[in-house]
Amino acid sequence: MITLAYDQSFAGFLTVIFELYQRFDAGKQLTNCFNIVKYRKHQDDLFENFFLITTDADKSSRVEKKLMQLLGSQGIKQLIWAFLSEDKKIENCLFSVIRYAIDNPKQDVLKNFAHPDVLQLAKWVKSVRRERHRMIAFVRFEKMDSDVFLARIEPDFNVLPLIIKHFKSRYKNQKWIIYDMRRQYGVFSDMQITYPIESIDDQILRNSKKYFSAEEINYQALWKDYFNSVNIKERNNPKLHIKQLPRRYWKYLTEKLPV
Amino acid sequence: MDIDRLKEKLNILADAAKYDVSCSSSGSNRKNNNGLGNGSVSGICHSFTEDGRCVSLLKILLTNHCIYDCAYCVSRSSNDTQRAAFTVQEVVDLTINFYRRNYIEGLFLSSGIFKNPDFTMERLVRVAKKLREEHHFNGYIHLKLIPKASPELVKEAGFYADRLSINLEIPTESGLRLLAPEKKHADMISPMRVVRNEILTYKESKKKIKSTPKFARAGQSSQLIVGATQESDYQIIQVANKLYQNYGLRRVYYSGYVPMLKDDRLPATTSGVPAVRENRLYQADWLMRFYGFTVDEILDKSNPNLDLAMDPKLAWAMRHRDQFPVPIQTAPLNIILRIPGVGLRSAYKILNARRFHNLTLDHLKKIGVAVNRAKYFIAFVANNDNLKYINTENFKQIVQSSLRSKKNITQTSKQMSLL
Ligand code: SF4
């Protein structure tokens, strides 16, 4: 078995696909001869036939073009969404689907759910879509003394890239940042343009309260009060509540935080 | 900001508004031109209360002072309760600040009637106007229309708001007379008529002049209280049907009466909330709106109340054994839709799938049909073993007992479509 590692970017993954066909003659081998992994330090000690693939813009865009022909923009979108699940085996699943598409250029392969990896892909797309949907609803901004609205998130999947457009068109007259605490990157919008950001002062992230704007605490308190006063206690339904508002999101949900 | 006073007001005025069950923020496609916010066509629930309802809008009253004395309402003038009133600016600030933090999709503003209907309506309109014009707010605005408000104010309201609504509350005129002597159905119906006419007029002129804005782009809705008076379900769905047919309402909401006021005219405060009944009414409502059922098919004079033990579609099927089994391979859509356990989406999937295969129960299961119900009502090209031992005598019993073993009636989520 040959193991190929890449830098975890989608372009990196597409570069791997390029090399698989160019260098490793993947078209003539069984898919399970290859194992694509996210690169981690000292990984090369673990695998025998180990190759670290360097991301290459030219190679990845050639693969993208090919995929565009085969699967269309909707198809590529599905690959990206599933990719953002960051599942351990997602690369192998995607490779298998891509290989299947290349071998059957005339078929609409993404509709054949009898193929186990196509089905698996569809499942990942569904899960990622669900979390994207939830994040759009559950992101909570806090207004900082610099007038920037900061939201911290910790989604299971890497959905930040998928929610930017929504917030960009919604908030055009306020500066905002959405920061993924787990993956340690974020997006900043200055009302015109959105920029990726790699880090924020740890102090601000860990202890945001200290940097709140003057009225922030008040609005949080008002929102919490509101949330509690609209509940009709006679109808409480804890099981349903947890289903609708899973506990793992509570950490940053203003209305669920202790006073 | 006097935070303590504001908190107190918010508590009082959110609490008094919560008995309006409508929470929808859907139906607006308002764009954001460098202002704040936009519409989301399908709506967004930003949170969920512990009782399982979607929190989408800041739902508050402008004030709970009221000159009227409707027995079913916590804000009625004779009720000994704390009163409060927001200023226009306070509502605007709350809305904007909640919206900026992604707590809400917008505002749902209602009010008790202070001074007189037009005085109140004018304030509500002013909030919406300020949000739109001074703050360039493009989020969702739902304004309540005040009974007896003048047509001019209703028209202005629809210019700024996405949705308008006025609650009929008590389904029958006699019930209303008993519980809200100052109100007549006509006081609520005439604003509805204004809204309907305006929507049509704007639509007409949009055909000629492209730039015509939309009037109440998310339409109008209303609410009926269930179980405060002695009305039958038949009467309720007749009223709802009229609202849909005559006034083009997008939605009618059904709100099970929460008994918390002591009054000889009302159910005792110890009686429960009629949650199952409310759920059944929503299901009946769906049958009328999406499944092609008429009111009189769902209920009639001799059978005026929905069966609490089973959904109204199943109940209809039980009464009409002669219409079953439905030949799944050939029946038209409107007949497929009548099969218990087959929802809208599965009905369309059935139409698609049967072009390729002779359908079996297994196919239907994959499509998403509730087969434990549906299996007694379908004929396949191959034999359906479930029908073998069924005859007119034992039909009801077999179907019912098989369902009973599956699940007990739960009192949960009210808009579940178990159809
Ligand atoms: S008019 Fe409205 S607010 Fe006033 S008592 Fe009647 S229902 Fe309540």
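Residues numbered from 1 in each chain as written. Chains lettered and ligands numbered in written order. Predicted model: local features only at pLDDT ≥ 70, side-chain atom pairs only at ≥ 80, totals over all residues. Heavy atoms only, no water.

## A short note on the overall build of chain A
And then number 1: Looking only at helices and strands, chain A features eight helices and eight strands.
And then number 2: Counting only C-alpha atoms, chain A reaches 65 × 40 × 35 Å along its principal axes.
And then number 3: Considering only contacts within chain A whose residues lie at least 6 apart along the sequence, 67% involve residues at least 24 apart.
And then number 4: Here chain A displays about 13,800 Å² of accessible surface, and carbon together with sulfur accounts for 51% of that area.
And then number 5: Charged side chains of chain A number 43 positive and 31 negative; the gap between the two group centres comes to 7 Å. (Helix = DSSP H or I, 4+ residues; strand = E, 2+ residues; numbered from the N terminus. Contact = heavy atoms within 4.5 Å. Areas by Shrake-Rupley, 256 points an atom, 1.4 Å probe, with all protein chains shown as cover. Lys, Arg positive; Asp, Glu negative; His and termini not counted. Charge placed at Lys NZ, Arg CZ, Asp CG, Glu CD.)

## Considering helix α8 (residues 275-290) of chain B
All names here are of chain B.
And then number 1: When the terminal C-alpha atoms of α8 are compared, their 22 Å separation across 16 residues agrees well with the 22 Å that a helix rising 1.5 Å per residue should span.
And then number 2: Buried residues dominate α8, accounting for 13 of its 16 residues.
And then number 3: Of the residues one or two after α8, G292 is the one with positive phi, at around 75°. (Expected span 1.5 Å × (residues − 1). Buried < 20%, exposed > 50% of the residue type's maximum accessible area, 1.4 Å probe, protein only.)

## Quick look at the sheet that holds strand β3 (residues 57-61) of chain B
All names here are of chain B.
And then number 1: The strand order across the open sheet formed by six strands is β3-β4-β5-β6-β7-β8, and the pairing between neighbours is parallel. This sheet does not close on itself; its edge strands, each paired only once, are β3 and β8 (251-256). Adjacent strand axes in the sheet meet at a mean angle of 20° when their direction is disregarded.
And then number 2: Taken together, the six bridges between strand β7 (residues 220-226) and β8 define a ladder with parallel strand orientation. Bridged to S221 within β8 is R251. (Pairing = 2+ DSSP bridges. Axes fitted to C-alpha atoms, helices over the stretch in contact; angles between N-to-C directions.)

## Observations regarding the nonpolar core
And then number 1: One finds F13 and Y226 of chain A together with I60, Y72 and F98 of chain B to be the most contacted residues of the largest nonpolar core, which totals 200 residues.
And then number 2: L150, I177, Y179 and F212 of chain A belong to the second largest nonpolar core, which has 11 residues in total. (Core = buried A, V, L, I, M, F, W, Y, C linked by side-chain atoms within 4.5 Å.)

## Quick look at the packing of aromatic side chains
And then number 1: Tallied over the entire structure, the rule returns 30 aromatic pairs over all chains.
And then number 2: Summarising the aromatic geometry, the rings of F293 of chain B and W316 of chain B are spaced 5.4 Å apart at their centres and angled 85° between planes, so their arrangement reads as edge-to-face. One end of the pair, F293 of chain B, is in the loop between α8 and α9 (295-298); the other, W316 of chain B, is in helix α10 (residues 312-319), with 23 residues separating them in the sequence. Exposure class is identical for F293 of chain B and W316 of chain B. Each is buried.
And then number 3: Each residue in the set F141, F167, Y171 and W176 of chain A together with Y99 and F137 of chain B is aromatic and connected to the rest through ring pairs, giving one cluster.
And then number 4: Just above the ring of W250 of chain A sits the side chain of K256 of chain A; from NZ or CZ to the centre is 4.4 Å.
And then number 5: A cation over an aromatic ring shows up here: R338 of chain B above the ring of F293 of chain B, its NZ or CZ 3.8 Å from the ring centre. (Phe/Tyr/Trp six-rings, centres within 6.5 Å; stacked < 30°, edge-to-face > 60°. Lys NZ or Arg CZ within 6 Å of the ring centre and 35° of its normal.)

## A closer look at the interface of chain B and chain A
And then number 1: Contacts between the two partners involve 49 residues from chain B, matched on the other side by 42 residues from chain A.
And then number 2: Summed over both partners, the interface of chain B with chain A buries about 4,300 Å², with 53% contributed by carbon and sulfur atoms.
And then number 3: Taken as a group, E50, R101 and Y103 of chain B account for 17% of the area that chain B buries against chain A, more than any other trio of residues on that side.
And then number 4: On the surface where chain B and chain A come into contact, there are two salt bridges. (Buried area = accessible area lost by both parts, 1.4 Å probe. Salt bridge = Lys/Arg side-chain N within 4 Å of Asp/Glu carboxyl O.)

## Points about the site of the ligand
And then number 1: All residues adjacent to the ligand are C66, Y68, C70, C73, R76, G112, I113 and K183 of chain B.
And then number 2: Looking at side-chain class alone, the shell around the ligand contains five nonpolar, one polar and two charged residues. (Near = heavy atom within 4 Å. Nonpolar A, V, L, I, M, F, W, Y, C, P; charged D, E, K, R; others polar.)

## Observations concerning the confidence of the model for chain B
Residues and elements named next belong to chain B.
And then number 1: Considering every residue of chain B, the mean pLDDT works out to 89; 94% of them sit at 70 or more.
And then number 2: Below pLDDT 50 for its whole length, residues 406-419 participates in 35 contacts with residues either more than four positions away or in separate chains.
And then number 3: Under the prediction, the complex receives an ipTM of 0.91, its pTM being 0.88. (pLDDT = per-residue confidence, 0-100.)

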